[in-house]
Amino acid sequence: MSSAHDRPMLALGLRLVATVLFSVMLLLVKLTGERNIALPETLFFRQALPALSIFGWLAARGQIGRLRTQRPWIHARRALIGGTGMFLTLGVVRLLPLAEATILGFTTPIFAVILSALFLKEKVGPWRWTAVIMGLLGVVVIAGPDTTSLPPFGVAVGIGAAFMVALVTIQVRDLGRTEEPITVVFYFSAFSAPVLALGLIGQDLGHDAVGWAMLAGIGISGLFAQIAMTASLRFGSVSSVIVVDYIQLAWATFWGWLIFNHLPPATTWLGAPIIIGASLLIAWREHLLARARERAPLAA
């Protein structure tokens, strides 16, 4: 039976907004790297600004009560896993071109299938296992077999980021059943920002106006991207909104060409459709399985 919160078109629209904002955030992360702004500092502002913005906005409206939660430890666990995933996600942008870093992020559904089989003991059929093999093959193609291939460490970081995001997605979907999107985002930022502040020790915090504007832009775009993405999972299932995520590849390719004069090589264009096809196959099977579960009580 469908959830009372299910509003598929709204979920798709929110996911579309999230992909655009997320691509802008990753662009700014790469640009701060070009300006030699340390990654720990970037991570801190990515989390501190959203936490302060949400708290200030709710306080001004007299709505601090919206942050009340009965699941603080679940939020803390989500912050731990999500913080690790964010470190890898932002880190890979500095190690690889934007398009390649984005494509590796599309392996998240593949790891979600593996995790569901290993830890949730979910029965995974031949279709989804085929998709997993396809996706991993796509990664091998993108990584490249020759001396012009992507750096192995960067590829490993990208795969690690996708794995952590798969964990986070499951948790966000669970939290979204009881918590507002703004509450989920606030606790993610509030729990992780103090820990990330330790990374500022010994860093050179003297930036010009452009550098500070980039850091502020990372925090603001990250805030609204996170709210939109979390809300999309509140109003729709992962399998129903995942197709929108691939628009981010177009933005990453565009930014890479416009700002960095980089266009992906042939191996990327060969591997990307394999990974995207594998992810869509997983989404299609998830959709069919969900419909079957909805019909089962009616047939009983």
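Cut-offs and rules
- Residues numbered from 1 in each chain as written.
- Predicted model: local features only at pLDDT ≥ 70, side-chain atom pairs only at ≥ 80, totals over all residues.
- Heavy atoms only, no water.
- Helix = DSSP H or I, 4+ residues; strand = E, 2+ residues; numbered from the N terminus.
- Rg over C-alpha atoms; globule rule 2.2 N^0.38 Å.
- Buried < 20%, exposed > 50% of the residue type's maximum accessible area, 1.4 Å probe, protein only.
- Contact = heavy atoms within 4.5 Å.
- Areas by Shrake-Rupley, 256 points an atom, 1.4 Å probe, with all protein chains shown as cover.
- Lys, Arg positive; Asp, Glu negative; His and termini not counted.
- Charge placed at Lys NZ, Arg CZ, Asp CG, Glu CD.
- Salt bridge = Lys/Arg side-chain N within 4 Å of Asp/Glu carboxyl O.
- Expected span 1.5 Å × (residues − 1).
- Phe/Tyr/Trp six-rings, centres within 6.5 Å; stacked < 30°, edge-to-face > 60°.
- Patch = residues over 30% accessible without salt bridge, like charges linked within 9 Å, V, L, I, M, F, W, Y side chains within 5 Å.
- Polar contact = N/O pair within 3.5 Å; in protein donor to acceptor, adjacent residues only side chain to side chain.
- Core = buried A, V, L, I, M, F, W, Y, C linked by side-chain atoms within 4.5 Å.
- pLDDT = per-residue confidence, 0-100.

Re the overall build of the protein
Assigned secondary structure in the protein consists of twelve helices and zero strands. Helices and strands in the protein line up, N terminus first, as α-α-α-α-α-α-α-α-α-α-α-α. Taken over the C-alpha trace, the protein has a radius of gyration of 19 Å; the compact-globule value for 300 residues is 19 Å, and the two agree within 12%. Structurally, the protein occupies a C-alpha span of about 65 × 60 × 30 Å along its principal axes. A buried classification covers 47% of the 300 residues belonging to the protein. The long-range fraction of contacts in the protein, counting pairs at least 24 apart against all pairs at least 6 apart in sequence, stands at 88%. Here the protein displays about 14600 Å² of accessible surface, and carbon together with sulfur accounts for 71% of that area. In the protein, 22 side chains carry a positive charge and 14 a negative one; their mean positions are 10 Å apart.

A word on the pattern of salt bridges
Taken as a whole and judged by the stated rule, the model has two salt bridges. For the salt bridge of Asp 208 with Arg 35, the shortest nitrogen-to-oxygen distance reads 2.5 Å. Separated by 173 residues along the polypeptide, Asp 208 in the loop between α8 (181-197) and α9 (209-235) and Arg 35 in the loop between α1 (8-34) and α2 (39-60) bring together distant segments of the chain. Judged by its relative accessible area of 41%, Asp 208 falls in the partly exposed class. Of the charged contacts, one joins Glu 180 and Arg 66 as a salt bridge, the two residues approaching to 2.7 Å between their closest N and O atoms.

Examining unusual backbone geometry
Despite not being glycine, Asn 36 shows a phi value in the positive range, around 65 degrees. Note on placement: Asn 36 falls in the loop between α1 and α2. For Asn 36, a relative accessible area of 71% puts it in the exposed group. Positive phi outside glycine occurs at Asn 261, with the angle close to 55 degrees. Since its relative accessible area comes to 66%, Asn 261 is described here as exposed.

So, α2
Between the first and last C-alpha of α2 there are 32 Å, a value that for 22 residues agrees with the 32 Å anticipated at 1.5 Å per step. Gly 62 lies just past α2 and shows a positive phi near 65 degrees.

Topic: the packing of aromatic side chains
By the definition in use, this model includes eleven aromatic pairs. Consider the rings of Phe 106 and Tyr 246, whose centres lie 4.8 Å apart with planes at 80 degrees: the pair is edge-to-face. With Phe 106 in the loop between α4 (98-105) and α5 (108-118) and Tyr 246 in the loop between α10 (238-241) and α11 (247-260), this pair connects stretches of sequence that are 140 residues apart. The burial state of Phe 106 is the same as that of Tyr 246; both residues are buried. Taken together, the ring pairs connect Phe 55, Phe 186, Tyr 187 and Phe 191 into an aromatic cluster.

So, a nonpolar patch on the surface
On the surface, a nonpolar cluster with roughly 730 Å² of combined accessible area is contributed by Leu 16, Ile 247, Trp 251, Phe 254, Trp 257, Leu 258, Ile 259 and Leu 263. Tallying contributions element by element places α11 first for the nonpolar patch, with six residues. Among the secondary structure elements, Trp 251 is positioned in helix α11.

Let's talk about the side chain of His 207
Structurally, the position occupied by His 207 is in the loop between α8 and α9. At a separation of 2.6 Å, a polar atom in the side chain of His 207 contacts the side chain of Glu 41. Non-local contacts of His 207, meaning those with residues more than four positions away in its chain, are made with Ile 37, Glu 41, Trp 212 and Leu 215.

As for the nonpolar core
Leu 90, Leu 98 and Leu 249 are the most contacted members of the largest nonpolar core, which has 46 residues in total. Looking at which element gives the most residues to this core, the answer is α1, with eight residues. In contact with Leu 98, other than residues within four places in its own chain, are Leu 26, Leu 27, Lys 30, Val 93, Ala 252, Trp 255, Gly 256 and Phe 260.

Section: the side chain of Gln 248
In this structure, Gln 248 sits in helix α11. Its relative accessible area of 9% is what places Gln 248 among the buried residues. Once you skip the residues sitting within four places of it in the chain, Gln 248 turns out to touch Thr 19, Phe 22, Ser 23, Leu 26 and Thr 102.

With respect to the confidence of the model for the protein
In regions of low pLDDT, the predicted coordinates are not meant to be interpreted in detail. Per-residue confidence for the protein averages 84 on the pLDDT scale, and 91% of its residues sit at or above 70. Of all secondary-structure elements in the protein, the lowest mean pLDDT belongs to α10, at 65, while α2 reaches the highest, 91.

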